[in-house]
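Here is how the chains run, residue by residue.
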Amino acid sequence: RACELALDLLVAYGYLTAHTLVLFYQAVALSVAINSNSNVLLTLLISNNFTELKTNVFKRCEAENLFQVSCADAVERFNLSMYLLIVLVQFVFVQKEELTAARLHEVSHAFLMICVCEIMVDW
């Protein structure tokens, strides 16, 4: 019985570590996309939302699935808001750049583009 518990604990710890690394890499990718000067952010948004668009366009939405879809959207928006908060904290406190109005406008434009794209995909 103790061996099964130890094995379950080891599997749970491995899954937790892998999940944490995936979420961290998503936040890093978003930060890199926001701080880059090319169309990386737009490419990242399209690739992340492609599967959601594909399933919503080609599949009928029935009343039974509507609750699962709305819960998944709520989780996705919470994750996105946490990623944006992490990027904002990194932008303000970690980067050693001078906070100019042009740079602040560029980052706020990227944040707005992300939020608008997510809302458009969810509708």
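First, a word on what this report is: a plain description of the structure on this page. Quick caveat: nothing in here was measured; it's all calculated off a predicted structure.

## Some points on the environment of V28
Here comes step 1: By secondary structure assignment, the location of V28 is in helix 1 (residues 2-35).
Here comes step 2: The exposure class assigned to V28 is partly exposed, which follows from its relative accessible area of 35%.
Here comes step 3: In this structure the C-alpha to C-alpha distance between V28 and I86, which are 58 residues apart in sequence, comes to 9.2 Å.

## Examining the packing of helix 1 against helix 3 (residues 63-94)
The description of two helices packed together rests on the angle between their axes and the distance between the axes.
Here comes step 1: Closest axis-to-axis distance for the helix 1/helix 3 pair is 9 Å, and the angle between their directions is 60°. Between helix 1 and helix 3, the angle is such that the two are oblique. Crossing hand, helix 1 versus helix 3: right-handed. Note on element contacts: helix 3 touches helix 1 through L80, Y83, L84, V87, Q90 and F91, opposite L23, Q26, A27, L30, S31, I34 and N35.
Here comes step 2: Residues belonging to the contact of helix 1 with helix 3 are distributed by class as follows: 9 nonpolar, 4 polar and no charged.

## Re the packing of helix 3 against helix 4 (residues 101-122)
Here comes step 1: Closest axis-to-axis distance for the helix 3/helix 4 pair is 12 Å, and the angle between their directions is 175°. Here helix 4 runs roughly antiparallel to helix 3, going by the angle between their axes. Within the contact between the two elements, helix 3 uses D73, E76, R77, L80, L84, V87, L88 and F91 and helix 4 uses R103, L104, V107, F111, I114, C115, E118, I119 and D122.
Here comes step 2: The class makeup of the residues in the contact of helix 3 with helix 4 is 11 nonpolar, no polar and 6 charged.

## Describing a nonpolar patch on the surface
Here comes step 1: On the surface, a nonpolar cluster with roughly 740 Å² of combined accessible area is contributed by F78, M82, L85, L88, V89, V92, F93 and V94.
Here comes step 2: Among the structural elements, F78 can be located in helix 3.

## Here we look at the pattern of salt bridges
Charged atoms that come close allow side chains of opposite charge to pair.
Here comes step 1: What the rule picks out here adds up to 1 salt bridge.
Here comes step 2: Of the charged contacts in the structure, one is a salt bridge between E4 and R1, with a shortest N-O distance of 4.0 Å. With respect to class, E4 is no different from R1; both count as exposed.

## Quick notes on the packing of aromatic side chains
Here comes step 1: Taken as a whole and judged by the stated rule, the model has 1 aromatic pair.
Here comes step 2: Aromatic side chains F24 and Y25 sit 5.9 Å apart centroid to centroid with 55° between the ring planes, which places their arrangement in the tilted category.

## Focus: the nonpolar core
Here comes step 1: Counting 17 residues, the largest nonpolar core has L30, I34, L41, L84, F111 and I114 as the members making the most contacts within it.
Here comes step 2: Beyond its immediate chain neighbours, meaning those up to four positions away, F111 contacts I34, L84, V87 and L88.

## Notes on the environment of I86
Here comes step 1: Counting through the fold element by element, I86 comes out in helix 3.
Here comes step 2: Overall, I86 belongs to the partly exposed group, its relative accessible area being 47%.

Conventions we followed
- Throughout, a residue's number is its position along its own chain's written sequence, starting from 1.
- A pLDDT threshold of at least 70 governs which residues receive local features in this predicted model, and a stricter bar of 80 or more applies before side-chain atom pairs are shown or counted, although totals over entire chains, interfaces and linings include all residues.
- Only hydrogens and water are set aside when side-chain values are computed; all heavy atoms of the structure are taken into account.
- What counts as a helix is a DSSP run of H or I of at least four residues, what counts as a strand is a run of E of at least two, and both are numbered from the N terminus.
- Per-residue accessibility, obtained with a 1.4 Å probe over protein chains only, is compared with the maximum for each type, and a residue is labelled buried under 20%, exposed over 50%, and partly exposed between these values.
- Every angle, taken between N-to-C directions, lies between 0 and 180 degrees, and every axis is a line fitted to C-alpha atoms, over only the stretch in contact when it is a helix.
- Angles are sorted into four bins: roughly parallel if under 35 degrees, roughly antiparallel if over 145, roughly perpendicular if 65 to 115, and oblique for all others.
- Crossing chirality is assigned from the near helix's rotation relative to the far helix, an anticlockwise turn below a right angle marking it left-handed and a clockwise turn marking it right-handed.
- The contact criterion used throughout is that any non-hydrogen atoms of two residues lie within 4.5 Å.
- Basically, the charged four are Asp, Glu, Lys and Arg, the nonpolar ten are Ala, Val, Leu, Ile, Met, Phe, Trp, Tyr, Cys and Pro, and anything else, Gly included, counts as polar.
- Patches in this entry comprise residues that are over 30% relatively accessible and not in a salt bridge; like charges within 9 Å are linked, as are nonpolar side chains (Val, Leu, Ile, Met, Phe, Trp, Tyr) within 5 Å.
- Using a 1.4 Å probe, the Shrake-Rupley method yields the accessible areas, and only the shown protein chains count as cover for residues.
- Think of a salt bridge as a Lys or Arg side-chain nitrogen and an Asp or Glu carboxyl oxygen that are within 4 Å of each other.
- Note on aromatic pairs: the rings of Phe, Tyr and Trp (six-membered ring only in Trp) are paired at centre separations within 6.5 Å, and the planes decide the class, stacked below 30 degrees, edge-to-face beyond 60, tilted for the rest.
- To qualify as a nonpolar core, a set must consist of buried Ala, Val, Leu, Ile, Met, Phe, Trp, Tyr and Cys residues joined through side-chain atoms within 4.5 Å.

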